[in-house]
Amino acid sequence: MTVAVLGASGATGRHVVSTALQRGHHVVALTRRAGTFAPEEGLDEVTWPEVTDVPALTRALPGTNVVISALGGADKGPTTVCTEGIRSAVTAMKATGVARLVAVSAHGVLETHDKSLYSLAVWANVAERMHDKETMEQLITASGLKWTIARPPKLSDHEKAGKYRAGTDLPIRVWSSVGRADLAAFLVDEAEAPRYTHACPRVTR
């Protein structure tokens, strides 16, 4: 396949790029700055400095089979990176006929924003990022695309375990987490063989 990765230079995005390349896919990596990745066979790096730049993204997507979004906002303060990036992606995908979207969100948004200890803790610490992901999810579910929204708990930089658990009703505890490398494996697995189309699976270790 040809896989376009939004947020390719981020901590999770880099794992998505490397995982897809290792599996023999062609990768179009959307980055804010040129030269983020060393030249590699099967990798095309495309500079996308502003997530609101729909024309630049539209030029990058022809021939793409699936878009994987690993966009994320700032740790603190207001952010709209995920919302604006996905708004641009939906427009560009429709213009270029790309139907499949796999996006990273977070457990604790929308109907999972409940009174659990995990949800209370995450909203107390990164509420602005959660608001951004809620708005992003609403754009995705209204897009008419063949979408999957991954909702991991806390992300870690642990070494790849080579396994993960995914499901729409997995229990998430305050200590729940998943390594970014294993989350990337799920995202690429879902791009290769969709199991959760029009669903929001939780992904944890």
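How each quantity is defined
Residues numbered from 1 in each chain as written. Predicted model: local features only at pLDDT ≥ 70, side-chain atom pairs only at ≥ 80, totals over all residues. Heavy atoms only, no water. 1 Å grid on protein atoms, 1.4 Å probe; cavity = no way out; pocket = protein on both sides within 12 Å on 5 of 7 lines; lining within 4 Å. Points joined across faces, edges and corners; volume = space filled by probe spheres on them. Helix = DSSP H or I, 4+ residues; strand = E, 2+ residues; numbered from the N terminus. Nonpolar A, V, L, I, M, F, W, Y, C, P; charged D, E, K, R; others polar. Phe/Tyr/Trp six-rings, centres within 6.5 Å; stacked < 30°, edge-to-face > 60°. Buried < 20%, exposed > 50% of the residue type's maximum accessible area, 1.4 Å probe, protein only.

Caption draft 1: Highlighting the layout of surface pockets. Approximately 980 Å³ is the volume found for the largest pocket. As for the largest pocket, its lining consists of 38 residues, of which L71, G72, G73, R129 and R180 are closest to the centre. For the lining of the largest pocket, the element with the highest residue contribution is helix α4 (residues 117-141), accounting for eight residues. For the lining of the largest pocket, the class distribution of residues is 18 nonpolar, 13 polar and seven charged.

Caption draft 2: Here's a closer look at the packing of aromatic side chains. For the structure shown, the criterion picks out two aromatic pairs. When the ring of Y164 is compared with that of F186, the centres are 5.5 Å apart and the planes differ by 85°; the resulting orientation is edge-to-face. Taken together, the residues Y164 in the loop between β7 (154-156) and β8 (165-167) and F186 in helix α5 (residues 180-192) connect sequence positions 22 residues apart. Ring geometry for F186 against Y196: centres 6.2 Å apart, planes inclined by 50°, an arrangement best described as tilted. Residue F186 is found in helix α5, and its partner Y196 is found in the loop between α5 and β10 (202-204); the two are separated by 10 residues along the sequence. Of the two residues, F186 and Y196, both sit in the buried class.

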